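Reading the structure
Chain by chain, the residues:
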Amino acid sequence: QESSFLEEIAMRLFRLDADTASFFVRKSAHFTEYLVLGISMLYAVEGWKLTKHLSVAARFLRRGLPAWGLGTLYAVTDEIHQSFVPGRSCEFRDVCIDAAGVMTGIWILLLIQVIRRRKKSEKTS
């Protein structure tokens, strides 16, 4: 019921039936929540300080993959927890959507860091 307003918008905007709109809104919400979790996980693993000597690839391998692993592990435990809640289910598809959200958040933060580093080096040059 909380998402019915967004479902109505999705139905009108994309000409979807009610079930498809509901699915789209619910999965988009999960993806977005886990995107934020991915950003948070990367901060937790990497810290707030930029590491100047690491390339993006090295930063991703050393810090992004562990952050993705932690976020994905959380998604798995969340789905297992849902299997014990009446009316909810544990679905591999949801873990995949959540893991993709975590990965997207990590890449967004890494790209922001690259842009900030380039702007900072341009100012000092």
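Residues numbered from 1 in each chain as written. Predicted model: local features only at pLDDT ≥ 70, side-chain atom pairs only at ≥ 80, totals over all residues. Heavy atoms only, no water.

1. What about the overall build of the protein?
Scanning the protein for helices and strands turns up four helices and zero strands. Listing every helix and strand of the protein by position from the N terminus yields α-α-α-α. The C-alpha radius of gyration of the protein comes to 18 Å, more than 25% above the 14 Å expected for a compact globule of 125 residues. Along the longest, intermediate and shortest principal axes, the C-alpha atoms of the protein span 55 × 35 × 20 Å. For the protein, with 125 residues in total, the buried portion stands at 31%. Of the contacts made within the protein by residues no fewer than 6 positions apart, 64% connect residues no fewer than 24 positions apart. (Helix = DSSP H or I, 4+ residues; strand = E, 2+ residues; numbered from the N terminus. Rg over C-alpha atoms; globule rule 2.2 N^0.38 Å. Buried < 20%, exposed > 50% of the residue type's maximum accessible area, 1.4 Å probe, protein only. Contact = heavy atoms within 4.5 Å.)

2. Some details on a nonpolar patch on the surface
A grouping of Phe5, Leu6, Ile9, Leu13, Phe14 and Phe24 is seen on the molecular surface, where their side chains present a nonpolar patch of about 640 Å² in accessible area. At five residues, the largest contribution of residues to the nonpolar patch is made by helix α1 (residues 4–14). Along the chain, the position of Leu13 falls in helix α1. Overall, the relative accessible area of 61% leaves Leu13 in the exposed class. (Patch = residues over 30% accessible without salt bridge, like charges linked within 9 Å, V, L, I, M, F, W, Y side chains within 5 Å. Areas by Shrake-Rupley, 256 points an atom, 1.4 Å probe, with all protein chains shown as cover. Salt bridge = Lys/Arg side-chain N within 4 Å of Asp/Glu carboxyl O.)

3. Here's the deal with the environment of Thr72
As for its placement among the helices and strands, Thr72 is situated in helix α3 (residues 56–82). Using a relative accessible area of 14% as the deciding quantity, one classes Thr72 as buried.

4. A look at helix α4 (residues 92–124)
Each α-helix winds once per 3.6 residues, and so residues spaced three or four apart point in a common direction. In this model α4 runs 48 Å from its N-terminal to its C-terminal C-alpha over 33 residues, within 8% of the 48 Å that 1.5 Å per residue would give. Regarding α4, the residues found buried are Asp94, Val95, Asp98, Ala99, Gly101, Val102, Gly105, Ile106, Leu109, Leu110, Gln113 and Val114. Buried residues along α4 sit in contact with α2 (18–46) and α3. (Expected span 1.5 Å × (residues − 1).)

5. Comments concerning α3
Gly64 marks the point of greatest bend in α3, at about 40°, and the proline Pro66 comes within the next four residues. Where α3 is concerned, the buried positions are Ala58, Arg59, Phe60, Arg63, Gly64, Ala67, Gly71, Thr72, Ala75, Asp78, Glu79 and Gln82. Looking at the buried residues of α3, the elements they touch are α2 and α4. (Bend = angle between axes of the 7 residues up to and from the residue.)

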